Amino acid sequence: MCRRKHRTTGDRVSVHVPGPPQESLEHDGTRTTRLAKPSPNPDDAGPIVHCLMGLPGAASCDTAQDQTRICSNASSTAVMHLPNFGPQPTDIPLSSVFQETNEQKLHKIANELLKTERAYVTRLNLLDQVFCAKLMEEALKGTFPVDVVKNIFSNISSINTFHSQFLLPDLEKRMGEWESTPRLGDILQKLTPFLKMYAEYVKNFDKAMELLKQWTDRSPQFKAIIQDIQSQEACGCLTLQHHMLEPVQRVPRYEMLLKDYLKKLPQDDPDHRDAEKSLNIIAMAATHSNSAIRKSENLKKLLEIYEMLGEEEDIVNASNEFIKEGHILKLAARNTSAMERYLFLFNNMLLYCVPKFSLGGPKYTVRTRIGIEGMKVLGTTNEDYPHTFQVSGKERTLELQAFQKTIEIFHQKNETFKSASKDVLVSTAELGKRAPRWIRDNEVTMCMKCKESFNALTRRRHHCRACGYVVCWKCSDNKVALEYDSNKINKVCKDCYSILTGEEKSEGKKKGILEIEAAQFSGSSIMCGFLQYCEKNKPWGKVWCLIPEKEALVLYLYGAPQDVKAQSTIPLLGYSVEDSPRPADLPASFRLSQSKSVHSFAAESDELKQRWLKVIRVAVTGEVPECPPPNDANTMAMDGAQEMSSDS
């Protein structure tokens, strides 16, 4: 019975294997030992891995066959080097077992070049002998001009001839004799004089794409031929535009493979000089093609989007430059619910899309196109959704939610976003020409025109399609064509109707003392925010409280931040302020009392309560209070009010 002994040094495993006859050869202090090949035994495969890897779990040798199977298999004889010490241990360098030799790497690169060249010639043949030939056959019948086909495919026939009849056969022949002639440089040198063909093709590429789109839209026969070929298996479910990108991208691929080949090639190799010379010429040609390659990559992306949108018109256009895409949440105009949407940002437009829930076919439906020209972007504040911003274009205004990083990318990618105005108010000049931002239903409690309170039955909320204000049915009983909505008839408020039609506005009644919009004050207020309010024995209710800078001694109470009329006002001069807790009051409450009048308020926190008290206690003495420093939640509420004021 024998035991297999292990000695591990670095990445070598020493195995002592006594037993079978050996043929020894001494060389530089190392004995090279060739072990006799045993008869094949499938059951012996198990312990081999453990022995080679030097794992502690390797089994012991109990038979003569076990002594030899660690270094043999049924078809080959293993060779191991045995150092001259001890009872003939065997050293196996593990790195050499799995590591590719330099010659193998060079052969692999050459083989990859041949493989990609075969695939490339197949694409060229598809363009030349299928697409071009079929379209030319139809053009000769007079269906469409022959010059259109020639200008689309340029010199693709010459490129196909060179690669299929010269370069590919040479590569196949060389790979067949690689053992005796392992070199590529001399063959690739034959390519360099023909690079001028690629310069002509690349130069014509943009024009070809324009013609292809133009005649696909203009000629049903032209479109039918292309779609018929694209549906064939040989086309691989790719469009003609995809296949036409191949020649543009081929030269840089030669450059990449040749660079890799030179890295592995020894400096003194006979092929080094030819390969280096070929690389210099090909690299120069690739540099001239960089601009076209960038355009081709952009076009490839446009084609992908074109298919994702169900062949949406005017996507594959040389003037369109793709910038950004991604999922986003769109906040509803009437309430604060959020819906999943998808955006595609280009250099000239923003596509607002709705996901389609289907197993195949288009992934999105375009809901709105918003032109970049004249677009305005504003960061907004929303209690329910952080990182919201508003995109306002002539066609539509959207309020969206995204991460801050996405907003920064929007600003970096286009100068229009950088210079975006923070004022999204639709001016008189833009009224009807630009889609407004709708004031949300929960931001007002009364009609923003007649100041009558809303209710669920007789006075419901409506939006003016011109200015975005929330108005009642009486104040929106006017219709006019709006330019931003393709001159369709829309309901508008009476003021917008007068401006858009040129009719004189009837002189209304004089504004009352309470008819001052909350949004006007919120932008220049000493203190504002929501408080719970109770008067006498009435139930508690949430109100928007505001102390304006212009009237620093008056507390205005509104139903909502966008209301155009205050529910009531409290002149603070002479009032007493009490903040001692009472059993019936809410937490963080305080009271204003004068004679028999008592007004009870409650803040969201004690800290916010103290800030309100600090301002009110100064105002009741007749002095003008100072604005509190911006360091807490109440200031955030003030900022939110300012944003709402700007929005409205």
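Residues numbered from 1 in each chain as written. Predicted model: local features only at pLDDT ≥ 70, side-chain atom pairs only at ≥ 80, totals over all residues. Heavy atoms only, no water.

Looking at an unreviewed UniProt entry, the protein chain carries the name FYVE, RhoGEF and PH domain containing 4a, with the source organism given as Oncorhynchus mykiss.

A.B. asks: With reference to specific residues and values, describe the sheet that holds strand E22 (residues 576-578).
C.D. replies: Spatial strand order, E21-E20-E19-E18-E24-E23-E22: 7 strands in an open sheet with antiparallel pairing. This sheet does not close on itself; its edge strands, each paired only once, are strand E21 (568-571) and E22. Strand-to-strand twist of the sheet, defined as the mean angle between neighbouring strand axes without regard to direction, takes the value 35 degrees. Relative to E21, strand E20 (residues 554-558) runs antiparallel, the two sharing 4 bridges. The residue of E21 that forms the bridge with tyrosine 556 is threonine 569. Lying over the sheet, helix H18 (residues 606-619) contacts strand E18 (525-535), strand E19 (541-548), E20, E22 and strand E23 (589-594), oriented at roughly 105 degrees with respect to E18. (Pairing = 2+ DSSP bridges. Helix = DSSP H or I, 4+ residues; strand = E, 2+ residues; numbered from the N terminus. Axes fitted to C-alpha atoms, helices over the stretch in contact; angles between N-to-C directions. Contact = heavy atoms within 4.5 Å.)

A.B. asks: Give me the lowdown on unusual backbone geometry, citing residues and values where you can.
C.D. replies: At serine 154, a residue that is not glycine, the phi angle is positive and equals roughly 50 degrees. By secondary structure assignment, the location of serine 154 is in the loop between helix H5 (146-153) and helix H6 (156-176). The exposure class of serine 154 is partly exposed, given its relative accessible area of 27%. (Buried < 20%, exposed > 50% of the residue type's maximum accessible area, 1.4 Å probe, protein only.)

A.B. asks: Tell me about the packing of H6 against helix H8 (residues 195-218), residues and numbers included.
C.D. replies: Remark: H6 packs on H8, axes separated minimally by 10 Å, with the N-to-C direction vectors making an angle of 150 degrees. Between H6 and H8, the angle falls in the class roughly antiparallel. In terms of crossing hand, the pair formed by H6 and H8 is left-handed. Between H6, through Ile156, Ser158, Ile159, Phe162 and His163, and H8, the contact on the second element is made entirely by Met197, Tyr198 and Tyr201. In terms of residue class, the contact of H6 with H8 is built from 6 nonpolar, 2 polar and no charged. (Parallel < 35°, antiparallel > 145°, perpendicular 65-115°, else oblique. Left-handed = near helix turned anticlockwise from the far one by under 90°. Nonpolar A, V, L, I, M, F, W, Y, C, P; charged D, E, K, R; others polar.)

A.B. asks: Residue-level account of the packing of aromatic side chains, with values.
C.D. replies: Scanning the model with the defined rule gives 11 aromatic pairs in all. On the numbers, 6.1 Å between centres and 70 degrees between planes, the contact of phenylalanine 322 with phenylalanine 346 is edge-to-face. Residue phenylalanine 322 is located in strand E7 (residues 322-331), and its partner phenylalanine 346 is located in strand E8 (residues 338-346); the two are separated by 24 residues in the primary sequence. Among the aromatic residues, those joined into a cluster by ring pairs are Tyr342, Phe344 and Tyr364. If you follow arginine 250 out to its NZ or CZ, it ends over the ring of tyrosine 254, 4.4 Å from the centre. Over the ring of phenylalanine 530 we find lysine 542; its NZ or CZ atom is 4.5 Å from the centre of that ring. (Phe/Tyr/Trp six-rings, centres within 6.5 Å; stacked < 30°, edge-to-face > 60°. Lys NZ or Arg CZ within 6 Å of the ring centre and 35° of its normal.)

A.B. asks: Go over the nonpolar core with me, naming the residues and quoting the values.
C.D. replies: Counting 68 residues, the largest nonpolar core has Phe131, Phe153, Phe222, Met244 and Tyr261 as its most contacted members. Element by element, the count of residues in this core is highest for helix H4 (residues 102-139), at 16 residues. If we skip the residues at most four places from it in the chain, tyrosine 261 touches Leu106, Ile109, Trp178, Pro182, Arg183, Leu184, Asp271 and Ala275. Listed in part, the 24 residues of the second largest apolar core include Leu572, Tyr575, Leu592 and Trp612. (Core = buried A, V, L, I, M, F, W, Y, C linked by side-chain atoms within 4.5 Å.)

A.B. asks: Break down the pattern of salt bridges for me, with residues and values.
C.D. replies: Taken as a whole and judged by the stated rule, the model has 23 salt bridges. Between glutamate 138 and lysine 141 there is a salt bridge, and its shortest N-O distance comes to 3.8 Å. One salt bridge in this structure joins arginine 617 and aspartate 579, with 3.5 Å as the shortest N-O distance. Separated by 38 residues along the polypeptide, arginine 617 in helix H18 and aspartate 579 in the loop between E22 and E23 bring together distant segments of the chain. (Salt bridge = Lys/Arg side-chain N within 4 Å of Asp/Glu carboxyl O.)

A.B. asks: Could you give an account of the environment of lysine 394, naming the residues involved and the relevant values?
C.D. replies: Along the chain, the position of lysine 394 falls in the loop between strand E12 (388-392) and strand E13 (397-401). For the pair lysine 394 and glutamate 430, spaced 36 residues apart in the sequence, the C-alpha separation amounts to 8.6 Å. Discounting chain neighbours no more than four positions away, the residues touching lysine 394 are Glu373, Lys433, Arg434, Ala435 and Tyr484.

A.B. asks: Quick one: what's the story with the pairing of E7, residue by residue and with numbers?
C.D. replies: By the bridge criterion, 9 bridges tie E7 to E8 in an arrangement that is antiparallel. In the strand pairing of E8, phenylalanine 322 is matched with phenylalanine 346.

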